[in-house]
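The residues making up each chain are set out below.
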Amino acid sequence: MAIAIVIVLLVIGSLIFHYVSPWWFTPLASNWGAIDDTINITLWVTGIVFVLVNLFLAYVVFRFQYNKNRRAHYEPENTKLEGWLTAITAIGVAGMLAPGLFVWASFINVPQESDVIEVVGQQWHWSFRLPGNDGELGRTAIALISEKNPFGLDTKDSSGQDDILILSNEMHIPIDRPVKVLLRSKDVLHNFAVPQFRVKMDLVPGTVTYLWFKPTKIGRFEILCEELCGVAHYTMRGSVVVDSAEDYQTWLSEQQTFAQSMAVPLGDMEKGWELYAGCAGCHGAQGEGIKSLNAPRLAGMSSWYTKRQLAYFQKKIRGTDANDTSGQLMSQMSQLLADKAAINDVAFYINSLKPDEAAHSSTGDLSKGKQLFRSCSYCHGEKAEGNFFMNAPKLSGQHDWYLSQQLNNYKKGIRGNHPFDLYGSQMMLMSRLLHDEKAILDVVSYIGTLDKGLSK
Ligand SMILES: [Cu+2]
């Protein structure tokens, strides 16, 4: 009896929860009302089955409760009943699946007149590419990706020259025009999703997936990476701004083409030289590093890495741990750089410095170090030359005392522990491959043999 009541209450509770809960679809902002319809049909079919089956169960529990004067009737076969149940179930399942097939058919059939936009995912942000005036996207290859050419466009393909590159987490599209979204990943699986448009698709390294939709409301909508496998995909936030036709043209006219981006230098050497005067006191006139001040060698450092570190120091993503006194000092110094342009210029200048080689004095076991370095070279390169694509900086040529100190910092969680320091947290995990001081000494000694100087 009690169980029958519990089951009935469960059914009533579920229905109330469904109708009064505030969680429901976000207001629709695209042509994909049909996707909502299929979900609604599924909810109706499963809802009706849920209510009927559970009420029947409650009835049976109540009606046929134990009675010592009654014996159960044994009836293993009932062809008529089984026929009915099979037919009803088949109709229910077909009712749920068939509409989805029709919607899927239109989801993969992109209208001829669609605009094209490419979405590129990487750990952990989005960027976008438009075909430019010729309406054609240029060829790309992962191997061509570099700081100057982050999309990996092939310079030999003329259709890529006018491609419009958007190196930001925000893309714009005009209202009421169907758009085909090509999805490409630089590294791992990602998942492009915009809830209001009801679109969602995996990005798979090595292939190009796609989806299409027609935005029907002006506004800003959030792009989410809904990939579960891997780490920190939730940080890949971006936005799609749906503009009126005029606003879209204004925005479009401010964007850079591939050819333009290749023509602009990464920074201003003169200004970088001026700014570097404020750094030389600690890092040395030639960026050679000064051990007594714990200031590392900067000369020849890739500007993408310098820029990222300076931005992290400024935003207090690096150098905030109470035990990281050197990092704290540098975090203060980074405030000397007024804006993004200043960071670009000083990083550009630092990259051009070529002082004498660092003196390597570590006395670890080189063959052990070589063995340990195998797992590092996957990201940092065979010669520890650094790898833009893997976000891993150059290590060769750096002072051994600084490398050991940083490895210890990662191991202790003094560096890389900030929730936004995703690259640092990767390295925090890797540092655990080095079990003790001896291992750190060995690998650092080996890195010391890899390069003669930090020249480019
Ligand atoms: Cu992702």
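Rules and cut-offs
Starting from 1, residues in each chain are numbered consecutively following that chain's sequence as written. At least 70 in pLDDT is required for a residue's local features to be given in this predicted model, at least 80 for side-chain atom pairs to be given and counted, and no such filter applies to totals for whole chains, interfaces and linings, which use all residues. Helix and strand assignments come from DSSP, with helices taken as H or I runs of at least 4 residues and strands as E runs of at least 2, each series counted from the N terminus. Only C-alpha atoms enter the radius of gyration, while the globule expectation follows 2.2 Å times N to the 0.38, with N the number of residues. A pair of residues counts as a contact when their C-beta atoms, built from backbone coordinates, are separated by no more than 7 Å. Any nonpolar core is a set of buried residues, restricted to Ala, Val, Leu, Ile, Met, Phe, Trp, Tyr and Cys, that join up through C-beta atoms within 7 Å. Once C-beta atoms are placed from the backbone, each residue is buried if 20 or more other C-beta atoms lie within 10 Å of its own, exposed if 12 or fewer, and partly exposed for counts between those two. The domain boundaries here were taken from an automatic or database domain assignment. When residues are grouped by polarity, Ala, Val, Leu, Ile, Met, Phe, Trp, Tyr, Cys and Pro land in nonpolar, Asp, Glu, Lys and Arg in charged, and all others, Gly among them, in polar. Whether two strands pair depends on DSSP finding at least two bridges between them. Lines fitted to C-alpha atoms define the axes, with helix axes restricted to the stretch in contact, and inter-axis angles between N-to-C directions lie between 0 and 180 degrees.

S.K.: Please explain the overall build of the protein as it appears in this structure.
M.R.: Check the secondary structure of the protein and you find 13 helices and 11 strands. Since a compact globule built from 456 residues should have a radius of gyration of about 23 Å, the 30 Å found for the protein marks it as more spread out than a globular shape. Summarising its shape, the C-alpha atoms of the protein cover approximately 95 × 60 × 35 Å along the three principal directions. Taking the intrachain contacts of the protein between residues at least 6 apart in sequence as the baseline, contacts between residues at least 24 apart amount to 70%.

S.K.: Could you clarify how one ought to interpret the nonpolar core in this entry?
M.R.: One broad rule of soluble globular proteins: the nonpolar side chains tend to lie buried together. Of all hydrophobic cores here, the largest spans 32 residues; its most connected members are Ile117, Val119 and Val181. Residues lining this core come from more than one domain, with at least three contributed by each of domain 1 (2-66 + 80-108) and domain 2 (115-263).

S.K.: When you look at the domain arrangement of the protein in this model, what are you seeing that I'm missing?
M.R.: Much of the literature gives interface size as the accessible area that the parts lose upon coming together. What the domain assignment reports for the protein is domain 1 (2-66 + 80-108), domain 2 (115-263) and domain 3 (269-448). Relative placement of domain 2 and domain 3: their C-alpha centres are 32 Å apart. On the side of domain 3, six residues touch domain 2, which itself brings six residues to the contact. Classifying every residue of the side of domain 2 that touches domain 3 by side-chain character gives three nonpolar, two polar and one charged.

S.K.: What is the right way to read the sheet that holds strand E9 (residues 219-225) from this model?
M.R.: Backbone hydrogen bonds are what pair the strands of a sheet, in a parallel or an antiparallel way. Read from one edge of the open sheet, five strands run E4-E10-E9-E6-E7, paired in mixed fashion. At either margin of the open sheet sits one strand with a lone partner, and together these are strand E4 (170-174) and strand E7 (199-203). On average, each strand axis in the sheet is inclined to that of its neighbour by 25°, with strand direction left out of account. Here E4 pairs with strand E10 (residues 238-243) via five bridges, running parallel. The partner of methionine 171 across the bridge, within E10, is valine 240. Lying on the sheet, helix H4 (residues 245-253) is in contact with E4 and E10; it crosses E4 at an angle near 135°.

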